[in-house]
Amino acid sequence: MCGDLEEDTAFDDLIFRRFAGFALSYGVVPPQEIQPVPHDLTEPEGRGTYMSALFRDTMVRAMKDTASAAEGTRADAIAGQAVVFARLAGMLAAQLPPESDIFRAAMEAFMDGHGEPARREAKRHHHDHDHDQGRDHDH
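As the structure is a prediction and not an experimental result, all values here were calculated from the model.

Caption draft 1: Local environment of the overall build of the protein chain. From N to C terminus, the protein chain includes four helices and zero strands. From first element to last, N terminus to C terminus, the protein chain shows the α and β order α-α-α-α. Counting all 139 residues of the protein chain, 8% fall into the buried class. Relative to all contacts within the protein chain whose residues are 6 or more apart in sequence, the contacts with residues 24 or more apart total 38%. Accessible area for the protein chain stands at about 11,900 Å²; split by element, carbon and sulfur atoms hold 62% of it.

If you want it as structure tokens, here you go:
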């Protein structure tokens, strides 16, 4: 058991060092004062909470950049963000060994995110339609 923990920590350290080296090649270094992640990443609930918070934080940055883009260029900003985030997701997934199957999970998340606007629109349309019941209207 104790040997497993040391082995897991060594693997974790190797992954982080490789990621930090890659990030450094882009001029990105960890902050001097590192705050611990406020969630237990060893538990599914903690990972889910962490990922939801990271999603929201990233969405805030994307929204701020898009809102501050000049009129007529906001769609270009969104398109650029999609490409950059996909590239970052691919690079992050590449840090882990193939047997982790993170590439498949990342692609499933990409496809789920891609379908989200249509699902929301369909749900909104269904909800609007329910409120129209009993009224005379054409389709």
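From this point, things continue past the structure.
Caption draft 2: Looking closely at the side chain of Gln95. Here Gln95 is to be found in the loop between helix 3 (74–94) and helix 4 (102–131). Excluding its chain neighbours within four sequence positions, the residues that come into contact with Gln95 are Ile15, Arg18 and Phe19.

Caption draft 3: A nonpolar patch on the surface, seen in detail. Together, Val84, Phe85, Leu88 and Leu92 line one region of the surface with nonpolar side chains, adding up to about 330 Å² of accessible area. Within the secondary structure layout, Leu92 lies in helix 3.

Caption draft 4: Summary view of the pattern of salt bridges. Under the criterion given, the structure shown has six salt bridges. Residues Arg104 and Asp101 are paired through a salt bridge, measuring 2.6 Å at the closest nitrogen-oxygen approach. Owing to a relative accessible area of 34%, Asp101 belongs among the partly exposed residues under this scheme. Across the salt bridge formed by Glu108 and Arg104, the nearest N and O atoms sit 2.7 Å from each other. Separated by four residues within a single helix, Glu108 and Arg104 lie in helix 4, roughly one turn from each other. Given a relative accessible area of 45%, Glu108 falls into the partly exposed group. Linked through salt bridges whose partners overlap, the residues forming this network are Asp101, Arg104 and Glu108.

Caption draft 5: Region of interest: helix 2 (residues 44–68). For helix 2, spanning 25 residues, the distance from its first C-alpha to its last is 36 Å, which sits close to the expected 36 Å at 1.5 Å a residue. The set of residues buried in helix 2 consists of Gly46, Ala62 and Thr66. Considering only its buried residues, helix 2 is in contact with helix 3.

Caption draft 6: Up close: the side chain of Gln81. With respect to the element layout, Gln81 can be found in helix 3. For Gln81, a relative accessible area of 15% corresponds to the buried category. If we ignore the near neighbours within four places in the chain, the residues touching Gln81 are Ala62, Asp65 and Thr66.

Caption draft 7: Quick peek at helix 3. Taking 1.5 Å of rise per residue, the 21 residues of helix 3 would be expected to cover 30 Å, and the 30 Å separating its terminal C-alpha atoms lies within 8% of that figure. Taken together, the buried positions of helix 3 are Gln81, Met91 and Ala93.

About the thresholds
- Residues numbered from 1 in each chain as written.
- Predicted model: local features only at pLDDT ≥ 70, side-chain atom pairs only at ≥ 80, totals over all residues.
- Heavy atoms only, no water.
- Helix = DSSP H or I, 4+ residues; strand = E, 2+ residues; numbered from the N terminus.
- Buried < 20%, exposed > 50% of the residue type's maximum accessible area, 1.4 Å probe, protein only.
- Contact = heavy atoms within 4.5 Å.
- Areas by Shrake-Rupley, 256 points an atom, 1.4 Å probe, with all protein chains shown as cover.
- Patch = residues over 30% accessible without salt bridge, like charges linked within 9 Å, V, L, I, M, F, W, Y side chains within 5 Å.
- Salt bridge = Lys/Arg side-chain N within 4 Å of Asp/Glu carboxyl O.
- Expected span 1.5 Å × (residues − 1).

Everything listed is a geometric property; what it means functionally is a separate question.
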